[in-house]
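Overview (structure and organization)
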Amino acid sequence: MPAGRLKTNETEGRITLSRPITFSFNGKTLQGYQGDTLASALLANGIHLVGRSWKYHRPRGILGSGTEEPNAVVQLGIGARTVPNVLATQLEIYEGLEASSVNCWPSLEHDLLSVNGWFSRLMPAGFYYKTFMWPKSMWMKYEQAIRRASGLGVSPNLPDPDRYEKTYAHCDVLVVGAGPAGLMAALAAGRTGARVILADEQSEPGGSLLYSRETIEGLPAMKWVAGVWQELESMEEMKLLRRSTVFGYHDQNFLTIAERLNDHLPRWECRGARERLWKVRARQVVLASGALERPLVFGNNDRPGVMLASAVSCYINRFAVAPGSRCLVFTNNDSAYGAALDMVDAGIQVQAVVDCRPRPRGVLPERLRQRGVEIIAGSVVVNVKGTHRVKAAQVMQLPAQNGILKGEKRLIHCDLLAMSGGWSPVVHLSSQSGARARWDDARACFLPGMPVQQERSAGAANGSFSLNACLSEGSFAGREAARLAGWEWDNQPDPPSSSMQLEEPVQPLWLVPSEYAPGRGPKQFVDMQNDVGAADIILAAREGYHSIEHVKRYTALGFGTDQGKVGNINGMAILAQSLGATIADTGTTTFRPNYTPVTFGAIAGQEVGEKLFEPVRKTALHEWHQARGAAFENVGQWKRPWYYPKSGESMQEAVNRECLATRESVGIIDVSTLGKIVITGKDSGEFLNRIYTNAWKKLAIDKARYGLMLGEDGMVMDDGVTIRLSENRYYMHTTTGGAAGVYSWMERWLQTEWPDLQVFLISVTDHWATAAVVGPNSRRVMMGACQGIDFSAQSFPFMSSREGTVGSIPARINRISFSGELAYEVNVPANLGKPMWEVLMAVGEEFGITPYGTETMHVLRAEKGYIIVGQDTDGSVTPDDLGMGWALSKTKDFLGKRSLAREDCMREDRKQLVGLLTINRTEVLPEGGQIVEDPDAAIPVPMIGHVTSSYYSACLGHSIALALVQGGRSRIGEIVHIPLAEGRVIPARISDPVFYDPDGERQNV
Amino acid sequence: MLEIPCPWCGLRCESEFSYGGEAHIVRPENPEALNDEAWADYLFMRKNPRGPHLEQWHHVYGCRRWFNVKRDTLSYRIECSYRVGEQPPEGEI
Ligand SMILES: [Zn+2]
């Protein structure tokens, strides 16, 4: 058994001696027991030095025993599963665990960067800002070097192999913490029959009772806990979560919990998810999150072997570990006397208790006196000797009045220094819920503020530190929470009582006086993780930082992974002192989620990589496109064929071939993704009149019309062709990407402004499969494929619609065109899309029918100057800017009309849609390219527009582009320039946006 | 995350809804009759209060109804919700 392990039946605590565990730390193989944390196992092996500090690389040991730990931060594991920032005090050991120190190079014992410590006087608060901000261009380099020298471990650079899950839960009462108050709250609430969740961050319930030697109802504390736990487990509506940290309290009683399922197990015993993120909506919340002990701020208080008194008790009673052999205790309150008694009973020599109070006379000090331990009253520890481990401490008498200490220094030898600066309730969750923490002078701590949500605090979290108060407050809070959630039970027994003795009041001691001026003596650490000393805070105050939030950012106080759990209150108090203000005035920094670090894995859950929660939409013809070797592009959530390369063909070659085949004979494209909305009801025509810019009431049945939709600000938001199917039934097309937005937009107007209109909307985008047959031979293909329709130009003219069959499939065929060619769009029920397509392909074979994708579609429409909303427009483009003033009705109102008459919309120098022809006919402009008049103008070069669409047109044998250019329509013929990022400048001539068949003869044949 | 009472469906999680801005902005009867300032007031100007706010929400992943909510922009507390066309509590507009 290692030297540091206590061996008496009474103190074997919560570890199981029959289950030894082998683990390694910094490559050294060590032994611990089931129930140990890494911290307790290291201490049992006599290891106190576990890491180096962030800024000065000072040797650091173990300060605490739980989530509050600022120093004992280790790197766990290697490879893809390595975890940085793991607290040794929280990490349960398991067989095969490998952990290592952070912040040290080349080794923990001989750290070269600790020279930072020698020069620490030259590195005061704000040092990095002051020194490295100049010259600005070097900051990136400085930052890299600083980051290498600091930081807390490394993150894995391989994909996370573990699985994480999320779950939602509702409950009547959520109890946070399974210490004495939380257990009583859960018991009282659970007994009413309410649905209760009890979440606790530790491996087993008990909280402070895990290391208590008190009795409750005559039972040893943990025996009592076992009984309570058994009763809770028997309750049907009780959910007990261990190793589960409630890390966030959000609006309307929404709380988030990280449950660690596997982190305590050897790899081969891990099953299922590593962590589970709970999202809980609780009717009522009981916060029984306990309190954290504060360190005292004195010279070299960061040396390994300086520990919180409660942690010393915890290591002795819970883990059967002696953290030292000769201990000095330093306190300002009674609780540390409990730790001293624990040590005496465990056979550890207690050299003395140094108490800053002039006359400590409580029950516990008396009991200790009786055990023959010296109490040095009215005195303080001013300095610690020893570097890698405490060797001795210097004690001085406090003067009658405040000021610099004078007089005799007494040197006391010790290898352990247990300190207690009082207790801080864990008010983090209460503060996150919106309650403003309030300062309590008598108890010298922040207490939870007035609740603004359905929550209450109980026990130590509420500033009630005695065990009896925890038990009764917890019971009352659980009962009250259940009652407010609608559950009551009249037979609630009285809360139990304990053996714990009342204590005498604490005497605040924020900064231990010393014999030196601030910044001159040995460093007095406030925030150990960030190496913030008392002198840094005093300096910040002197330099004019008076707000605690500013001081936090200037000094880095409370910025670490521990978020200043032990250091913040001392820091705030020291600031208040330097400013001559009270802590109530200075206030606290904002407590934000997360209470403790949460893994990215837990937050991401299953939504990682390919499994992102974004649906993929495929058309009914998707498999056909795949079989044909199509390259796909994403359009919104849709997968659309982009082009169909033949073997050896480049994209440009494929697109050229598809364009030419379509213009010369016939092409076919899957346009099923276009948004389709059926509009019915007797007021449908009136409705269309209001949401489209043009007139709709006179549209004949089976006729189609192009519509332009504006926002109320007059800017183009969507376009498409709508067909009148019958008297009160229209079939609207929207852009592929705009379908959902247009549908919501129309619903909103119908529901909020025009509820009197009898109009109903049905989204049918997925109901139909649609193929567009395009090109001069499209009529011949349709005649061969369809029955029951006369395709002659006279009886089936452009912009009209007919019903018939394709093969034997019922189809609606619309003669509309997005290419300027004679074209037909064939709509069939989606599940018949593939046979319809195959009929068209078979009939089209003799004309060389060529399937084409979105790229060819874009080229064909750009050749005609047809816009794509969202590509050629950007939310700041009016119809007139696009040269589409013809689509605006003068005789009726429509959404956005009034805005078009606003001064800004009437400016003549607005950007207008024009064409661009590059001087070099094969040079294709980059889309988004900025357009300038004079590329040699002085910087900043005035920009007069930008390229919106740009392609090589095989039909024209010329590069073409669409662009928005200031006053563009009056500049046709002018040469402009498009400078590229690489430095080259491309000249182009402004042209009409219609490059091909300007009179529209081809589609009207 | 808020919990929003849809007047048709009851309490639902915020993730089912989308926000629609200030409520009770009525589209002018005859926009052409308005001067630029009056039109801009309808189009752009919003109260943006610190405190109680009457606002529109859309139950987009639910019944797809638009409705009104009285919500405190400071505390996020939702006092009530009511249907389109109904008056807000105590005649506040
Ligand atoms: Zn609803």
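Residues numbered from 1 in each chain as written. Chains lettered and ligands numbered in written order. Predicted model: local features only at pLDDT ≥ 70, side-chain atom pairs only at ≥ 80, totals over all residues.

A short note on the overall build of chain B
Check the secondary structure of chain B and you find 1 helix and 6 strands. For chain B, the succession of helices and strands along the chain, N to C, is β-β-β-α-β-β-β. Its C-alpha atoms put chain B at 40 × 30 × 25 Å along the principal axes. The 93 residues of chain B split such that 15% are buried. The contacts in chain B between residues at least 6 apart in sequence include a share of 50% that link residues at least 24 apart. (Helix = DSSP H or I, 4+ residues; strand = E, 2+ residues; numbered from the N terminus. Buried ≥ 20, exposed ≤ 12 C-beta atoms within 10 Å, placed from the backbone. Contact = placed C-beta atoms within 7 Å.)

A few points about the overall build of chain A
The helix and strand tally for chain A stands at 23 helices and 50 strands. Scaling as 2.2 N^0.38, a compact globule of 1005 residues should have a C-alpha radius of gyration of about 30 Å, whereas chain A reaches 38 Å, well beyond that. Along the first, second and third principal axes, the C-alpha atoms of chain A reach 115 × 75 × 55 Å. Out of the 1005 residues in chain A, the part that is buried amounts to 51%. Look at the contacts in chain A between residues 6 or more apart in sequence, and 67% of them connect residues 24 or more apart. (Rg over C-alpha atoms; globule rule 2.2 N^0.38 Å.)

Topic: the interface of chain B and chain A
The interface of chain B with chain A comprises 19 residues on the first partner and 22 residues on the second. Take the side of chain B that touches chain A: its biggest share by element is 3 residues, from helix α1 (residues 36–43) of chain B. The residue makeup of the side of chain B that touches chain A, split by class, is 10 nonpolar, 3 polar and 6 charged. (Nonpolar A, V, L, I, M, F, W, Y, C, P; charged D, E, K, R; others polar.)

Thoughts on unusual backbone geometry
Residues and elements named next belong to chain A. Here the bond from P593 into N594 is cis, since omega is 10 degrees, no more than 30 degrees from zero. Along the polypeptide, N594 turns up in the loop between α15 (583–586) and α16 (600–604). With omega at 0 degrees, the peptide bond leading from I939 into P940 counts as cis. Within the secondary structure, P940 sits in the loop between β46 (930–932) and β47 (943–953). Of note, the phi angle at N300 is positive, near 55 degrees, even though the residue is not glycine. Note that N300 resides in the loop between β16 (291–293) and β17 (306–308).

Points about the pairing of strand β14 (residues 254–260) of chain A
Residues and elements named next belong to chain A. Where strand β13 (residues 244–250) meets β14, 6 bridges bridge the pair, whose relative direction is antiparallel. In the strand pairing of β14, S244 is matched with E259. Counting the residues in the hairpin turn of β13 and β14 gives 3 residues, including Q252, whose phi is positive at 50 degrees. Note that β14 and strand β15 (residues 275–287) share 7 bridges and pair antiparallel. Within β15, the position partnered with T256 by the bridge is K279. (Pairing = 2+ DSSP bridges.)

So, the packing of helix α7 (residues 309–317) of chain A against helix α8 (residues 335–345) of chain A
Residue and element names in this part refer to chain A. Between α7 and α8, whose axes approach to 8 Å, the crossing angle comes to 30 degrees. Viewed along their axes, α7 and α8 adopt a mutual orientation that is roughly parallel. Between α7 and α8 lies a crossing whose hand is left-handed. Residues A309, S310, V312, S313, I316 and N317 of α7 form the contact with α8, whose participating residues are S335, A336, G338, A339, D342 and M343. Looking at the contact of α7 with α8, its residues break down into 6 nonpolar, 5 polar and 1 charged. (Axes fitted to C-alpha atoms, helices over the stretch in contact; angles between N-to-C directions. Parallel < 35°, antiparallel > 145°, perpendicular 65-115°, else oblique. Left-handed = near helix turned anticlockwise from the far one by under 90°.)

As for the domain arrangement of chain A
Considered domain by domain, chain A is made up of domain 1 (1–160), domain 2 (164–291 + 425–484), domain 3 (295–421), domain 4 (509–581), domain 5 (675–766) and domain 6 (769–848). A C-alpha centroid distance of 32 Å is found between domain 2 of chain A and domain 3 of chain A. (Domains from an automatic or database assignment.)

Thoughts on the packing of helix α12 (residues 534–542) of chain A against helix α13 (residues 548–555) of chain A
Residue and element names in this part refer to chain A. Where α12 meets α13, the closest approach of the two axes is 10 Å, and the angle between their N-to-C directions is 125 degrees. Taken together, the axes of α12 and α13 are oblique relative to one another. For the crossing formed where α12 meets α13, the hand is right-handed. Touching D536, I537 and A540 of α12 are V551, Y554 and T555, all from α13. Taken together, the residues of the contact of α12 with α13 sort by class into 4 nonpolar, 1 polar and 1 charged.

Some thoughts on the environment of G636 of chain A
The topology assignment puts G636 of chain A in the loop between β31 (631–635) and β32 (638–643). Considering only alpha carbons, one finds G636 of chain A and L900 of chain A, 264 residues apart in sequence, at a separation of 29 Å.

Things to note about the sheet that holds strand β6 (residues 78–83) of chain B
The strands making up a sheet associate through hydrogen bonds between their backbones, and the pairing can be parallel or antiparallel. Residues and elements named next belong to chain B. Read from one edge of the open sheet, 4 strands run β3-β4-β5-β6, paired in antiparallel fashion. Strands at the two margins of the open sheet, each flanked by one partner only, are β3 (18–22) and β6. In this sheet, neighbouring strand axes are inclined to one another by 30 degrees on average, regardless of whether the strands run parallel or antiparallel. In the sheet, strand β4 (residues 52–58) pairs with strand β5 (residues 66–72) via 7 bridges, with the strands oriented antiparallel. Looking across to β5, one finds that H58 is bridged to W66.

What about the confidence of the model for chain B?
Mean pLDDT for chain B: 93, with 97% of residues reaching 70 or above. Two summary scores accompany this predicted model of the complex, namely pTM at 0.86 and ipTM at 0.96. (pLDDT = per-residue confidence, 0-100.)

Quick look at the sheet that holds strand β41 (residues 800–806) of chain A
With mixed pairing, 7 strands are arranged side by side in an open sheet as β40-β41-β42-β43-β39-β33-β44 (chain A). Each of the sheet's edge strands pairs with one partner strand only, and the pair in question is β40 (786–787) and β44 (850–851) of chain A.

Examining the nonpolar core
It is characteristic of soluble globular proteins that their nonpolar side chains tend to be buried jointly. Membership of the largest hydrophobic core comes to 184 residues, with the highest contact counts inside it found for V173 and V329 of chain A. In contact with V173 of chain A, other than residues within four places in its own chain, are A189, A194, V196, A282, Q284, V286, G478, A481, A482 and A485 of chain A. (Core = buried A, V, L, I, M, F, W, Y, C linked by C-beta atoms within 7 Å.)

Here we look at α13 of chain A
Residue and element names in this part refer to chain A. Turning to α13, its buried residues number three or more, namely I548, V551, K552, Y554 and T555. Residues of α13 that are buried in the fold lie against β30 (532–533), α12, α14 (568–579) and α15. Just downstream of α13 lies A556, where phi reads positive at about 75 degrees.

Quick notes on α12 of chain A
Burial within α12 of chain A is extensive, with 8 of its 9 residues counted as buried. If you check which residues of α12 of chain A are buried, you get A534, A535, D536, I537, I538, L539, A540 and A541 of chain A.

Let's talk about the environment of V1005 of chain A
Residue and element names in this part refer to chain A. The topology assignment puts V1005 in the segment after β50 (985–991). Since 10 C-beta atoms lie within 10 Å of it, V1005 is described here as exposed. For the pair V1005 and Q794, spaced 211 residues apart in sequence, the C-alpha separation works out to 9.8 Å.

Let's talk about the pairing of strand β2 (residues 10–13) of chain B
On a regular strand, each side chain points to the face opposite its neighbour's, so the side chains alternate between the two faces of the sheet. All names here are of chain B. Pairing between strand β1 (residues 3–6) and β2: 4 bridges, direction antiparallel. Counted as the bridge partner of C6 is G10 from β2. In this structure, the hairpin formed by β1 and β2 is closed by a connection of 3 residues.

Here's the deal with the environment of G804 of chain A
All names here are of chain A. Following the sequence through the fold, G804 ends up in strand β41. Accessibility expressed as a C-beta count within 10 Å gives 19 for G804, which makes it partly exposed. Spatially, the C-alpha atom of G804 lies 5.9 Å from that of I789, the residues being 15 residues apart in sequence. Residues within four places of G804 in sequence aside, it is in contact with C786, Q787, G788, I789, A811 and I813.

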